[in-house]
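# What the coordinates show
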Amino acid sequence: FSWLLVFTSKQLEVFLCKNKMLDLKNITSNNMNSLTEENYLKAIFHLLDSENQVTVNELSKFLQIKMPSVNSMMKKFADKNWVIYETYKPIKVTELGRKEAAIVVRKHRLTEMFLVEKMGFGWENVHEIAEQLEHVHSEDFFDKMDEILNFPKVDPHGEPIPDKDGIIITQNLKKLSECKVNDMVILTSVTISTDDFLNYLNQRNLALGEEILIKNIEKFDGSMQIEFSDRTEVLSKMVCEKLLVKK
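To keep things clear, this report deals only with the structure shown in the data block.

Reading the values: rules and limits
- Residues numbered from 1 in each chain as written.
- Predicted model: local features only at pLDDT ≥ 70, side-chain atom pairs only at ≥ 80, totals over all residues.
- Heavy atoms only, no water.
- Phe/Tyr/Trp six-rings, centres within 6.5 Å; stacked < 30°, edge-to-face > 60°.
- Buried < 20%, exposed > 50% of the residue type's maximum accessible area, 1.4 Å probe, protein only.
- Salt bridge = Lys/Arg side-chain N within 4 Å of Asp/Glu carboxyl O.
- Helix = DSSP H or I, 4+ residues; strand = E, 2+ residues; numbered from the N terminus.
- Axes fitted to C-alpha atoms, helices over the stretch in contact; angles between N-to-C directions.
- Parallel < 35°, antiparallel > 145°, perpendicular 65-115°, else oblique.
- Left-handed = near helix turned anticlockwise from the far one by under 90°.
- Contact = heavy atoms within 4.5 Å.
- Nonpolar A, V, L, I, M, F, W, Y, C, P; charged D, E, K, R; others polar.
- Core = buried A, V, L, I, M, F, W, Y, C linked by side-chain atoms within 4.5 Å.
- Pairing = 2+ DSSP bridges.

### Some remarks on the packing of aromatic side chains
- Per the counting criterion, the structure on display carries 3 aromatic pairs.
- Between the aromatic rings of phenylalanine 141 and phenylalanine 142, the centroid separation amounts to 5.0 Å while the plane-to-plane angle is 85°, which identifies the pairing as edge-to-face. Pair check on accessibility: phenylalanine 141 and phenylalanine 142 agree, each one buried.
- Within the aromatic cluster, the residues linked to one another by ring pairs are Tyr40, Phe77 and Trp82.

This is the structure:
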């Protein structure tokens, strides 16, 4: 699927315009953050703890960037009032920084939803394209996308989509691996969206919204025998830990 990466942000703008979904004359840009800054913001979003903190070491490992470079970027973020930075202490993310991070994630998840719902892509094919399009600097572009999709609350992988103010709905979900025998649950989200993992689920016709009955749990390795749509599958504990469900 390497050809998918050729699908640029400009081409999507053209697609929207040809289908009378967007008027380029009315596009307005925000204060443009750099691609690198937005990648840091997205990493912060994924790594934030319950106290709105993240460490330089966590960011370094997540982004695979050396710690001196991370420290340098956090100093820039502090100048923008996105974080409170003190040497050798966890980085405290401000409300403004949290919002900026959520907006980047909003653009990514809206794009994934648009590609699946309006352009027919599989959920396993959209992440890399969204990685490019999330850096488009136009609020109107993504607001129109949101409107066309009728303001979705979650992306194709079940992850919540932040609204324009960076607010995210709370999902009361738990891992499938935490469920018990005879529990009936609904598959609602996945915690990773790699091609390999999503194709693994595709091959088993296991999609979001499926009602799952837990038939058996193997004591030795925690693998689960589940039943859904009149079929039975055995999933490893590792897979079950990546599936989020609700009753």
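There's more to say after this.
### Observations concerning the pattern of salt bridges
- One pass over the full model with this rule turns up 15 salt bridges.
- Glutamate 38 is the salt-bridge partner of lysine 107, the closest N and O atoms lying 3.3 Å from each other. Taken together, the residues span a long stretch of sequence, with lysine 107 in helix H5 (residues 95–117) and glutamate 38 in helix H2 (residues 35–47) at a distance of 69 residues. No difference in accessibility class separates lysine 107 from glutamate 38, as the two residues are buried.
- Salt bridges sharing partners connect three or more residues here, namely Arg106, Asp143, Asp146 and Lys164.

### Some points on the packing of H5 against helix H7 (residues 139–148)
- Between H5 and H7, whose axes approach to 10 Å, the crossing angle comes to 45°. By the angle between their directions, the pair H5 and H7 is classed as oblique. The way H5 lies across H7 gives a crossing that is left-handed. Along its contact with H5, which presents Arg106, Lys107, Leu110, Thr111 and Phe114, the element H7 presents Phe142, Asp143, Met145, Asp146 and Ile148.
- Grouping the constituent residues of the contact of H5 with H7 by class yields 5 nonpolar, 1 polar and 4 charged.

### Here's the deal with the nonpolar core
- By size, the foremost hydrophobic cluster in this structure holds 21 residues, and its most contacted members are Ile44, Leu59, Met74, Phe77, Val83 and Ile91.
- Among the secondary structure elements, those contributing two or more residues to this core are H2, helix H3 (56–63), helix H4 (67–79), strand S3 (91–93) and H5.
- With 5 residues, H2 is the largest single contributor of residues to this core.
- Beyond its immediate stretch of four places on either side in the chain, phenylalanine 77 contacts Glu37, Tyr40, Leu41, Ile44, Trp82 and Val83.
- The next biggest cluster of nonpolar side chains, apart from the first, holds 20 residues, and it includes Ile212, Ile214, Leu235 and Cys240.

### Regarding the side chain of aspartate 146
- With respect to the secondary-structure elements, aspartate 146 resides in helix H7.
- Taking the relative accessible area as the measure of exposure, aspartate 146 reaches 9% and is therefore buried.
- If near-sequence neighbours (up to four positions away) are discounted, aspartate 146 is found in contact with Arg106, Leu110, Phe151 and Pro152.

### Quick notes on the sheet that holds strand S2 (residues 83–84)
- An order of S1-S3-S2 is seen for the 3 strands of this open sheet, with the pairing classed as antiparallel. Strand pairing shows two members of the sheet lacking a second neighbour, strand S1 (53–54) and S2, which therefore form its edges.
- Bridge count for S1 against S3 is 2 bridges, and the pairing is antiparallel. Paired with valine 54 across the strands is isoleucine 91, a residue of S3.

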